[in-house]
Amino acid sequence: MMQTSNVLRAKKMGSKASATLYKVFRLLLLIGLSYIVIYPILSLFLGSITLPEDLMDESRAWLPKNPTFTNYVNSFSYFKFFKHAGITLQIAGISTLIQLIVCSLIGYGLARYSFVGNSFLFGCVVFTIIMPIQTALLPMYLDYMQFDFFGIGQLIGVFTGTPYTVNLTGTKWVYYLPAIFGVGFNSGLFIFLFRQFFKGMPKDLEDAGKVDGCNPFMIYLRIMVPNTKPVFVTVALLSYIYYWNDTTLSNIMMMGTNDKPRMLYVKSLMASAVIRHRDAIRVMAENQAIALMCVAPLLLLFIIGQRFFIESMDRTGIKG
Amino acid sequence: MKNKRKRRFTKQNNIGYLFVLPFIIGFIFLFMKPMISSLIYSLHEIKMSPDGFDMTYVGLENYRYALFGDAKFVKTLISVLSNTIFKICTMLFLSMFIAILLNQKFYGRVFFRVILFLPVIFSADQVMSMFSVSEGASQITEGENAFVSMTMGATGLVKELIYSFGAFSSVIERFTKYASGVFDLLWDIGIQIILFIIGLQAIPSHLYEVCEMEGATKWETFWKITFPLLSPTILLCLIYSVITYFNSSLNPIVTMINSNMQASIHYAFAQTWFYSLMTLVLVLGIYLIVSRKAIYLD
């Protein structure tokens, strides 16, 4: 009796020791991984508060000798921070909202209704993810320049003689319109995501809704949406980041206007800054500051929304 | 009776069309229309003339040139493909591993989740190209070069440390090579980690309780419960990783195509179409193979 309890205690102590060892190992591992991620970001930040003259100094290992915000102040003289931040905020915000609604509805339709051509349509969704947007940019530009409302404008032309077209390039509709019709930035991916998660939901829930007399849309709104919140939050965040960071689409669609989205504006600014100063090192130092200011609002948003975002991952509705 | 039921069933399913209607319209008019135009362009030779485009039909000549005339294209294609398999596997393994770690309850896990998601926020090309500058590189490098110098910076410090202890240099070289690999990967897997965490959360907890009651070890629980129920997420992450890797602007093929866009646009279109169709076949292949093995809770 005595012996067995001793053995048990030894076993318990052994498992406790190994658990502590595991915890230490896990912590070290995570710290190591975080270091890899943090390092370039930190050094970018430190570079941005270094004087341009000190930037090329070999003896500067980590901390700047005299930290200053000169680079930020100097770049503010030509970098219109608030104007372009506002434009991007609007474009990214509205597009994200549209994408959330549209992509989740499409994903729900694909996941739960086995109508004729379902798998074909799903194939089409995968196709939209795979085809790089660059392939269609030029024809897309030509289409938006003379946008005919899906052929309706042409139809009007049959009666009136001149087809009714609108030039959409340079307007925000080049972002909103594809989003409304589920072919916006990375829409295919989001549809895929929603479909995958709706498919994983137990069917009993919907049957319960049906018994209670919900119509299909109500089932989606009242049962599916509340139970898949983490996917919604994830998609919202990703969509926002994609729209915020996009330059591929903006580059061709918005180049001519003054209301450029942030990243595109910065891209053209960085190209022109070289000419403005003729001092490569100073340009470099200021570009670092500008690059950081570009992501700063996004970072701020993430830090504010982080609680909800991270927590929502823990609150997935269905648990058995 | 049976017939009536069947009809009702199909009628109910037709509501599905209502949900996907926007996509059908968007796919045909906003997506396929420009895509088909670019496919048509790829079959022509386009010359810029004062009054717009000058197109002459050349058939599959552009494609023939890409495959047999342009040695660089095929060579890059093969190197990208061979990299893909290794890279995607490590990406999946690493992101699943990190997600499982971050899904455990311990002090400070929110902090680590935030940190490991940061690369997604900093993913804009403009910001990425700046990373190399902060390393003191003499000129603004772009794309892959930015990564190289970033990696050198991150591992350089560790390298110096180990050198100071006087270890074998060949061992260090190998070590830093692996470390650089992890570095590149960590900057690509932010989203996969999130997807895996969501997938892990969706596994019903009562299954784990049963396992504990039956006396299964953690290892057994992982292979009998976690892994099978994670299979839909694995499929999702697999396809997501393949697609983002293939379309990333750091991919040598994409850089090549983008630079061709300025020089000869018809050839660039032919290259993209060939490349994309290849990706499509690959992804559909993966989907068909893996989805058969995926287990859904129903």
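These numbers come from a predicted model, not from an experiment.

Some remarks on the domain arrangement of chain B
Residue and element names in this part refer to chain B.
So, point 1. Here chain B is partitioned into domain 1 (1-42), domain 2 (71-87 + 94-115 + 190-298) and domain 3 (124-186).
So, point 2. Measuring from the centre of the C-alpha atoms in domain 1 to the corresponding centre in domain 2 gives 28 Å.
So, point 3. Listed per partner, the contact involves five residues of domain 1 and four residues of domain 2.
So, point 4. Buried surface at the junction of domain 1 and domain 2, summed over both partners, amounts to about 450 Å²; 78% is from carbon and sulfur atoms.
So, point 5. When the area that domain 1 buries against domain 2 is broken down by residue, the three leading residues are Ser38, Tyr41 and Ser42, summing to 66%.
So, point 6. Applying the counting rule to domain 1 against domain 2 returns zero salt bridges.
So, point 7. Remark: the boundary between domain 1 and domain 2 carries one residue pair in polar contact (both at pLDDT 80 or more).
So, point 8. Of the residues that constitute the side of domain 1 that touches domain 2, the class distribution is three nonpolar, two polar and no charged.

Details of the confidence of the model for chain B
Residue and element names in this part refer to chain B.
So, point 1. Scored by pLDDT, chain B has a mean of 76; 74% of the residues are at 70 or more.
So, point 2. For the stretch residues 134-149, pLDDT sits under 50, and the model shows 32 contacts to residues farther than four places along the chain or on other chains.
So, point 3. Across the whole predicted complex the pTM is 0.78, and at the interface the ipTM reaches 0.78.

Focus on the environment of Gly93(A)
Residue and element names in this part refer to chain A.
So, point 1. Following the sequence through the fold, Gly93 ends up in helix α3 (residues 81-112).
So, point 2. The exposure class of Gly93 is partly exposed, given its relative accessible area of 27%.
So, point 3. When the C-alpha positions of Gly93 and Ala236 are compared, they lie 9.2 Å apart, and in sequence the two are 143 residues distant.
So, point 4. Dropping the residues within four chain positions of it, Gly93 is found in contact with Thr88 and Tyr240.

As for the nonpolar core
So, point 1. Ranked by internal contacts, the top residues of the largest apolar core, which has 169 residues, are Leu110(A), Tyr144(A), Phe23(B), Ile98(B), Leu116(B), Phe117(B) and Phe122(B).
So, point 2. In terms of residue count, helix α10 (residues 218-247) of chain B provides more of this core than any other element does, 15 residues in total.
So, point 3. Excluding residues that lie within four positions of it along the chain, Phe23(B) makes contacts with Ile106(A), Leu121(A), Cys124(A), Val125(A), Thr128(A), Phe181(A), Gly182(A), Val183(A) and Ile191(A).

With respect to the pattern of salt bridges
Side-chain pairs of opposite charge can arise where the charged atoms are in close proximity.
So, point 1. This model, assessed by the stated rule, comprises two salt bridges over all chains.
So, point 2. With a closest N to O distance of 3.6 Å, Lys33(B) and Asp143(A) form a salt bridge. Placement of the pair is Lys33(B) in helix α1 (residues 2-42) and Asp143(A) in helix α5 (residues 137-145), with the two residues belonging to separate chains.
So, point 3. Overall, the relative accessible area of 22% leaves Asp143(A) in the partly exposed class.

Calculation notes
Residues numbered from 1 in each chain as written. Chains lettered and ligands numbered in written order. Predicted model: local features only at pLDDT ≥ 70, side-chain atom pairs only at ≥ 80, totals over all residues. Heavy atoms only, no water. Domains from an automatic or database assignment. Contact = heavy atoms within 4.5 Å. Buried area = accessible area lost by both parts, 1.4 Å probe. Salt bridge = Lys/Arg side-chain N within 4 Å of Asp/Glu carboxyl O. Polar contact = N/O pair within 3.5 Å; in protein donor to acceptor, adjacent residues only side chain to side chain. Nonpolar A, V, L, I, M, F, W, Y, C, P; charged D, E, K, R; others polar. pLDDT = per-residue confidence, 0-100. Helix = DSSP H or I, 4+ residues; strand = E, 2+ residues; numbered from the N terminus. Buried < 20%, exposed > 50% of the residue type's maximum accessible area, 1.4 Å probe, protein only. Core = buried A, V, L, I, M, F, W, Y, C linked by side-chain atoms within 4.5 Å.

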